[in-house]
Every structure is written in C-alpha cells, then in structure tokens.
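The chain contents come next:
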Amino acid sequence: MGKEGAERKRNMCYENLYTGAMGPSSSPESFLMFLWISGICGGLAQAELMKKDNCTNYELVFERVFSVPGDAAMLNSTLLSLDVFDFTAVPFNITWFSAKTGQEMRNEAGRILVLQETLWFLNTTMDDDGEYLAIVRTPSQCYMQSTILVITLPKDGECGRPLKAYTPLTKGTADKVNCLLGGYVAKLDSYGISSSVKWYKGCDPVLEDSGSQTIQDRNKLAFHSVKTEDDGIYTCTLTFTLDGVTVTVSETTEAKVNDNYFLVPQVHEPEKEIIKEAIGSNFTKRCLVFVPGSGTPSVNVIWLVENKVMFDSEPSERVYTSNLRSWTQDEPKGVWLERLLLFAELKDEDFYLNYTCRVFSPRGYPDGYFTLLPTDPNIILPIGLVFGGMTVLFVVSVAVYYVFRIDIVLCFRRAFPVLYTNKDLDGKLYDAYVAYPSPGAFGFSEEVEKFALQTLPEVLEQACGYKLFIAGRDCLPGQAVVDSVDENLQASRRVLLLYTASTFIKKRHTSSTSSNNNNITKVGEEADQIQSGTSEGNGGVGFGGDGKAFSDTRQHLECVASMNRALLEGSLKVILVELEEITPAQLALFPESVRHLRKKQGAVCWWKVLQTRQQWRAWREDEERRGKDSQVSPSLSPRSRFWKEIRYHMPVRGKRAVYPEKTALLNI
C-alpha cells in the first residue's frame with residue numbers, strides 16, 4: 001500500500017504539471033519548468049515512501065565525512081552488522097537517498113557510484129554537501145541511517161585540507177604521523193583495487209626512505225629520530241582508480257614537536273585476574289598504569305564493562321569511577337596513573353562480567369581486565385569481626401572513660417543540669433566545709449593559710465559559684481569551737497580536708513605509734529573527749545590525759561567529726577586535699593581512718609601543681625621582662641586538672657526539684 005500510494009501521488013503531480021505546462025499556450029520556458037517541478041514531485045514521493053515504510057531509525061553516524069571540491073569522498077553505512085540483522089543469512093537490498101532532495105542516489109558516470117553499503121562521490125562539488133540516507137530492506141524489516149558529507153573550500157595559498165588533525169611528535173625518539181585514510185585503503189583492498197599514498201610536507205613532497213623518515217604500510221610516515229625541523233603540516237594523498245576513473249582523496253595533519261616523550265603505557269592492574277567477592281559488600285578495584293617518559297602525558301584511562309564505557313563518576317551512584325590520579329617517578333622516569341572502580345553494593349548483575357581498564361594514548365591502547373565472581377557465604381568471618389569490633393570498642397570506651405572520666409562527667413553535668421537535683425532545696429547552707437591547719441596548729445604554714453583563705457575562694461566561689469565555709473573567715477565571734485564545727489558541718493554538703501605531711505604526725509606521737517588508737521571504731525570516743533574538754537569555750541582540750549592544751553583543737557575536731565560522719569554514718573562526703581607530697585613513711589603515721597579513706601577514694605594533690613606553677617612563674621617573669629601582659633596562672637584556672645578533680649567531687653549544681661514521692665539519684 002505504501003508503494004501504491006506514493007505512485008498515485010506522483011501520477012497526480014505529473015498530471016497537474018502536464019496540464020499546466022503542456023497546454024495550448026505552452027512555451028520552452030514552460031517545458032523547462034515542467035521538468036524541474038517533476039523532479040521535486042519525484043523527491044516528495046520518495047520521501048513519503050520512506051515514511052510509510054516505518055523503518056527502524058539508527059539515527060546519524062557519529063563521524064562526519066569531510067572533503068573539498070574535486071576530491072573523492074566515501075560514505076559508509078554501518079547497517080550491515082550482525083548487531084542490526086544477520087546479513088549473511090537474510091536477503092537484503094540497500095538504497096541511498098539524498099535527504100536534501102529526497103531522490104534516490106543512482107550511479108552517475110565519473111561522479112557517483114553506489115556499491116552496497118558504500119556511496120562513492122568520485123568528483124565532489126559544493127552541491128554534494130548535505131545529509132544522505134541509507135535504507136536497508138529485508139523481507140520483514142526496514143532499517144535506516146544518516147551520514148553527513150561536509151564540503152569545504154580550501155584556503156587560498158595554503159596546501160592541504162582546511163580541516164586538520166593533530167599529532168604530537170616527541171623530540172629525539174622514533175615517532176610517526178598516521179594518515180587518516182585507513183578506512184579508504186581497507187575498503188579498496190576489499191574490492192581488490194590497488195592504491196598508492198603520497199606524502200607532502202606543506203606543499204613539498206616527502207621523499208621515501210630519505211634517511212630521516214620512512215613510509216610504512218602506505219598510511220604511516222615514520223621518523224627514525226624526531227628533530228625540531230620535523231614540526232609542520234603533513235598531507236597524505238591517496239590515489240586509486242574506481243569505475244574507470246582515477247581519483248584522489250587527501251587528509252592533513254598538523255604535527256607538533258615537543259621535548260616531552262612518552263612510550264607505550266603499561267597496565268599493571270588489573271592483570272587478567274578472577275576476583276571473588278560477597279554479594280552485598282562494597283568493592284573497589286584500581287586500574288594502575290605506568291607511562292614511561294617525561295612531562296605530562298596525553299593519556300586517558302577509562303573503565304569498561306562488557307566493552308561499554310562507564311561514565312558515572314559521582315559517589316551517589318551505586319557503581320562509579322574515581323577521578324584520574326597521577327604522580328611522577330624518577331627511576332625509571334615516568335608517570336603513574338590510577339583510576340578506581342567502586343561498587344557501593346555488589347548485586348547479582350555485577351557478577352560473571354569482564355571489567356576492562358583501557359588506556360587511550362597516541363602510542364596505543366593497552367588494557368587489562370578482571371572477572372568478578374561471587375564467593376561462598378562465610379559466616380565465621382562476620383561473626384568474628386562483630387565480636388572483635390565490640391571487644392575493641394568496649395576496651396577503647398573503657399580506656400577513654402578512665403582517662404577522661406572527670407572531663408566527661410563535668411561536661412555531662414554542664415550540658416544536662418536538669419537531670420540533677422537542685423541542692424538548694426536540701427536545707428544546706430554551704431557546698432563545702434573547709435578544714436585546714438589553723439594558726440598555731442602543727443602543720444600550719446602561711447602557704448596553707450593562703451591556699452585556704454585566698455586560692456580556694458578565688459576559684460571555687462568566684463569562678464565556679466560554690467559557697468564555702470572557712471573557719472578563719474566565717475566563724476561567729478565568741479562561738480564555741482565544738483558548736484561551730486558541729487553546726488557548720490551539718491550545714492555543709494562536703495568537707496574539704498586540707499592536710500600536709502606533718503598535719504597528723506604530732507598527734508600520733510602523743511600516744512603509742514603502734515597502738516593504732518585512732519582507728520575507725522574509736523572516732524566517736526575521741527569526739528566525746530574533745531567535746532567535754534572544751535565545755536568552757538576557751539579553745540583548749542586535753543588529749544591522752546597529759547593535761548597539755550593544744551592549739552589544733554578545731555583541726556582535730558573537724559577531722560574526727562567529718563570522719564565519723566563519712567565512714568560511720570555515711571551522711572557526709574570528705575574530699576582529701578594533699579598540700580604536700582606524702583611519702584610512704586609519713587603516710588604510715590596518719591590516722592587509720594584517713595589512710596582508709598585515701599586508699600578508697602584517693603586524694604586531690606595540690607603539690608602536683610607546684611611544679612607547673614613554678615614553670616609558669618618563670619614564663620611569666622620572662623614575659624614581663626619582654627613587656628607583655630601576663631595571663632592568669634594555669635593553677636588558678638578552673639579548667640586545670642586539679643580544679644577539675646575538686647569540681648568532680650563537689651556537689652552538682654542541678655536544676656531539678658525533688659519531691660517526696662519522686663526521688664531520683666544520679667551518682668556521677
């Protein structure tokens with residue numbers, strides 16, 4: 001029906017033209033008009049026929065054919081391929097059409113020759129420029145494909161073609177310029193037609209076997225050792241006889257000589273290997289290429305799967321390739337290139353395929369490949385990795401918490417105060433009771449007094465916001481020592497017990513050192529003795545029946561009372577603060593209650609800060625000599641290790657109110 005409809009349309013066109021052009025008033029001009037319009041009608045009919053055939057369109061051939069007037073040109077269709085249909089077993093017919101006129105291309109002596117899938121222009125003109133359509137028909141199918149012929153006028157005063165290819169030549173090495181007419185040579189060889197190639201540099205012919213260059217395989221101009229003067233424009237002209245007409249076709253290449261040289265790239269990975277991976281796992285394979293030479297090579301590395309280029313280079317894709325990475329090497333001299341092939345998750349369709357890494361360079365196209373196969377399920381390794389990872393994570397977590405326990409707790413308290421009880425509602429007046437050797441007591445010094453009355457308030461009260469009771473500062477005048485100690489201990493949440501190496505030693509010598517009469521079970525008795533001996537309120541007290549008045553009554557009473565509340569009653573927490581380094585011999589003379597508490601919870605050591613403090617003073621003096629402002633000493637910064645330990649043991653400044661029916665404790 002398609003052919004019959006096209007024929008009827010053409011007949012109607014001819015009838016209308018004949019009536020208008022060959023009527024009674026016809027003239028020679030009318031007859032010429034008739035011939036011209038009849039050609040148009042024929043083209044329209046052919047175009048209509050192609051549409052009605054409903055051919056499978058393989059679109060435009062990627063490569064265009066370039067020529068100049070007077071040269072030959074070859075248009076070749078790729079429809080005769082097993083990828084399209086089995087042309088070796090199925091009968092077919094090929095027809096060429098001009099897309100510009102819609103007319104079928106037929107043989108024209110000395111001008112056009114149609115040979116199956118190839119359309120030859122033996123002597124091109126500017127009118128030949130345009131798109132040409134090849135249609136292949138089989139008994140059951142129809143296929144079509146377009147090819148573009150571009151005709152360009154040569155430039156005045158310039159030899160060679162106006163459109164030029166580019167080839168780099170490496171100075172001092174053997175190199176070559178390829179003639180881009182290999183397709184013509186191969187097609188003529190398939191016809192059994194001989195051909196010859198002539199090379200020109202600029203407008204001058206290149207002599208064969210001149211000693212510096214040689215013509216190889218008709219389409220290669222080989223240089224034995226490239227020199228600077230080899231730089232220039234090279235044209236290869238192919239001469240052959242087709243359909244009784246001797247024709248020529250030429251291609252021009254611009255060759256640039258540079259000092260950099262590169263040899264054939266070497267693919268080190270992959271090496272034609274088989275790799276087994278588990279389904280669902282991620283997988284990475286690199287393509288590693290070494291390019292011997294110097295400078296920056298004109299080389300590209302790509303990955304292909306079953307000969308299809310993998311263009312995806314975004315990590316968001318499941319399968320993608322990385323950017324090309326390069327680095328140089330001195331011995332042997334050259335450049336390493338690396339491009340990764342990455343699978344975020346392996347799926348069934350990824351296996352039993354060949355993955356090829358191919359190198360594109362002027363020296364060739366070497367490649368390497370690997371085949372991906374699935375592995376047998378292995379549950380032992382994942383289980384081992386899970387338990388091993390959990391063990392490592394647990395050990396690391398414990399180690400990190402042990403090292404940074406104080407910092408972590410302080411940070412947690414600061415970030416989530418609502419999780420902690422508001423201590424202002426417990427009826428206590430002070431966050432801590434500061435007990436230290438008072439003036440005249442054994443172990444007293446000006447440094448101890450300065451630390452208790454100046455350093456502690458400066459950091460804990462002013463910088464951290466705690467409220468302290470300090471005997472030498474906050475006692476009411478005339479108040480009895482026993483009443484003052486008992487009352488203010490009950491009003492405090494913590495006790496900061498400051499001591500030196502000699503604080504407890506004299507008191508231990510008032511009785512037998514080995515008798516251990518200061519053990520935990522006798523703490524209450526000592527407190528009763530002190531209380532009875534101080535009933536007059538004069539601050540003196542007798543110990544051990546020797547009748548001698550000691551000036552360290554308050555300190556001893558504070559120690560005994562706080563230890564009684566901490567160890568026997570458990571109602572008060574004592575924070576031990578060592579102001580001096582304690583040797584094992586000195587520690588042996590301490591009361592057993594102090595030694596027990598020190599062993600149980602440790603002590604916060606101020607003496608460890610002294611060395612840092614001395615170094616800071618030396619630095620500060622040096623800065624003052626230079627005229628710079630000194631900063632606050634690290635020992636007085638609440639962020640120092642010592643004060644962090646103190647804050648760690650101090651009451652938490654929470655924001656959550658505690659109701660009788662809802663009491664929650666957070667022991668951090």
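Description of the structure in this document. (Residues numbered from 1 in each chain as written. Predicted model: local features only at pLDDT ≥ 70, side-chain atom pairs only at ≥ 80, totals over all residues. Heavy atoms only, no water.)

## Some words on the overall build of the chain
Move 1: When helices and strands are tallied, the chain shows 14 helices and 31 strands.
Move 2: Within the chain, the fraction of its 668 residues that count as buried is 41%. (Helix = DSSP H or I, 4+ residues; strand = E, 2+ residues; numbered from the N terminus. Buried < 20%, exposed > 50% of the residue type's maximum accessible area, 1.4 Å probe, protein only.)

## Here we look at the pattern of salt bridges
Move 1: Per the counting criterion, the structure on display carries 22 salt bridges.
Move 2: The partner of D407 in a salt bridge is R641, and the shortest N-O contact between them spans 3.5 Å. Taken together, the residues span a long stretch of sequence, with D407 in helix α4 (residues 380-415) and R641 in helix α14 (residues 641-649) at a distance of 234 residues.
Move 3: Its salt-bridge partner being R598, residue E578 comes within 2.4 Å of it at the nearest N-O pair. Highlighted residues: E578 in strand β30 (residues 573-578) and R598 in helix α12 (residues 592-601), separated in sequence by 20 residues.
Move 4: Taking relative accessible area as the criterion, E578 reaches 0% and is therefore assigned buried.
Move 5: With relative accessibility at 25%, the residue R598 sits in the partly exposed group. (Salt bridge = Lys/Arg side-chain N within 4 Å of Asp/Glu carboxyl O.)

## What to know about unusual backbone geometry
Move 1: Omega for the peptide link from E269 to P270 comes to -5°, which places this bond in the cis form.
Move 2: Mapped onto the fold, P270 is located in the loop between β17 (266-269) and β18 (273-277).
Move 3: Cis geometry marks the peptide bond from E331 to P332, where omega comes out at -15°.
Move 4: In this structure, P332 sits in the loop between β23 (325-329) and β24 (334-343).
Move 5: Phi is positive for Q116, which is not a glycine, with a value near 55°.
Move 6: With respect to the helices and strands, the residue Q116 is situated in the loop between β5 (112-115) and β6 (118-121).
Move 7: The exposure class assigned to Q116 is partly exposed, which follows from its relative accessible area of 47%.

## Let's talk about the environment of A463
Move 1: One can find A463 in helix α5 (residues 446-463).
Move 2: In this structure, the C-alpha to C-alpha distance between A463 and L636, residues 173 residues apart in sequence, is 9.5 Å.
Move 3: What A463 contacts, discounting residues up to four positions off in sequence, is E458 and P638. (Contact = heavy atoms within 4.5 Å.)

## A look at the packing of aromatic side chains
Move 1: By the definition in use, this model includes 27 aromatic pairs.
Move 2: Relative to F92, the ring of F85 lies with its centre 5.9 Å away and its plane at 70°, an arrangement referred to as edge-to-face.
Move 3: Classification of F85 as buried rests on a relative accessible area of 7%.
Move 4: According to the relative accessible area criterion, F92 is partly exposed, its value standing at 28%.
Move 5: Of the aromatic side chains, those joined through ring pairs into one cluster are Y58, F85, F87, F92 and Y143. (Phe/Tyr/Trp six-rings, centres within 6.5 Å; stacked < 30°, edge-to-face > 60°.)

## Observations regarding the state of the cysteines
Move 1: Scanning the model with the defined rule gives 4 disulfides in all.
Move 2: Note on cysteine connectivity: C55 is disulfide-linked to C142, with sulfurs 1.8 Å apart. Across the S-S bond linking C55 and C142, the dihedral sits near 60°, which makes this disulfide right-handed. Within this pair, whereas C55 is found in the loop between α2 (28-53) and β1 (56-60), its partner C142 is found in strand β8 (residues 142-151), the two being separated by 87 residues in sequence.
Move 3: A relative accessible area of 12% means that C55 is categorised as buried.
Move 4: When its relative accessible area of 8% is taken as the criterion, C142 is described as buried.
Move 5: The disulfide bridge from C159 ends at C203, spanning 1.6 Å between sulfur atoms. Handedness here is read from the sign of the S-S torsion; for C159 and C203, about 100°, the answer is right-handed. With a gap of 44 residues between them, C159 in the loop between β8 and β9 (164-170) and C203 in the loop between β11 (195-201) and β12 (204-205) connect regions that are remote in the sequence.
Move 6: For C159, a relative accessible area of 29% translates into the label partly exposed. (Disulfide = S-S within 2.5 Å.)

## Quick word on the nonpolar core
Here is a general trend for soluble globular proteins: nonpolar side chains tend to be buried in one another's company.
Move 1: Counting residues in each nonpolar core, the largest one holds 46 residues, and the members touching the most others are W120, F121, Y184, W199, L238 and F240.
Move 2: Per-element tally for this core: the top contributor is strand β15 (residues 232-242), with 5 residues.
Move 3: Apart from residues lying up to four places away in sequence, Y184 is in contact with V65, A72, A73, M74, W120, L238 and V249.
Move 4: If you look at the next biggest cluster of nonpolar residues, it comprises 26 residues, including Y430, V495, M563 and L576. (Core = buried A, V, L, I, M, F, W, Y, C linked by side-chain atoms within 4.5 Å.)

## Quick look at a nonpolar patch on the surface
Move 1: A cluster of nonpolar side chains, V392, V396, V400, Y401, Y402, V403, F404 and I408, forms an exposed patch at the surface whose accessible area comes to about 750 Å².
Move 2: Counting through the fold element by element, V392 comes out in helix α4.
Move 3: Relative accessible area serves as the criterion here: at 51%, V392 is assigned to the exposed category. (Patch = residues over 30% accessible without salt bridge, like charges linked within 9 Å, V, L, I, M, F, W, Y side chains within 5 Å. Areas by Shrake-Rupley, 256 points an atom, 1.4 Å probe, with all protein chains shown as cover.)

## A few points about the sheet that holds strand β3 (residues 73-76)
Move 1: Strand order across the open sheet formed by 3 strands is β3-β6-β5, with antiparallel pairing between neighbours. Edge strands, defined here as strands with exactly one partner in the open sheet, are β3 and β5. For this sheet, the mean angle separating the axes of adjacent strands, direction not counted, is 15°.
Move 2: Where β5 lies against β6, 4 bridges are found, and the strand directions are antiparallel. The residue bridging I112 from the neighbouring strand is F121, located in β6.
Move 3: Lying on the sheet, helix α3 (residues 182-191) is in contact with β3, β5 and β6; it crosses β6 at an angle near 105°. (Pairing = 2+ DSSP bridges. Axes fitted to C-alpha atoms, helices over the stretch in contact; angles between N-to-C directions.)

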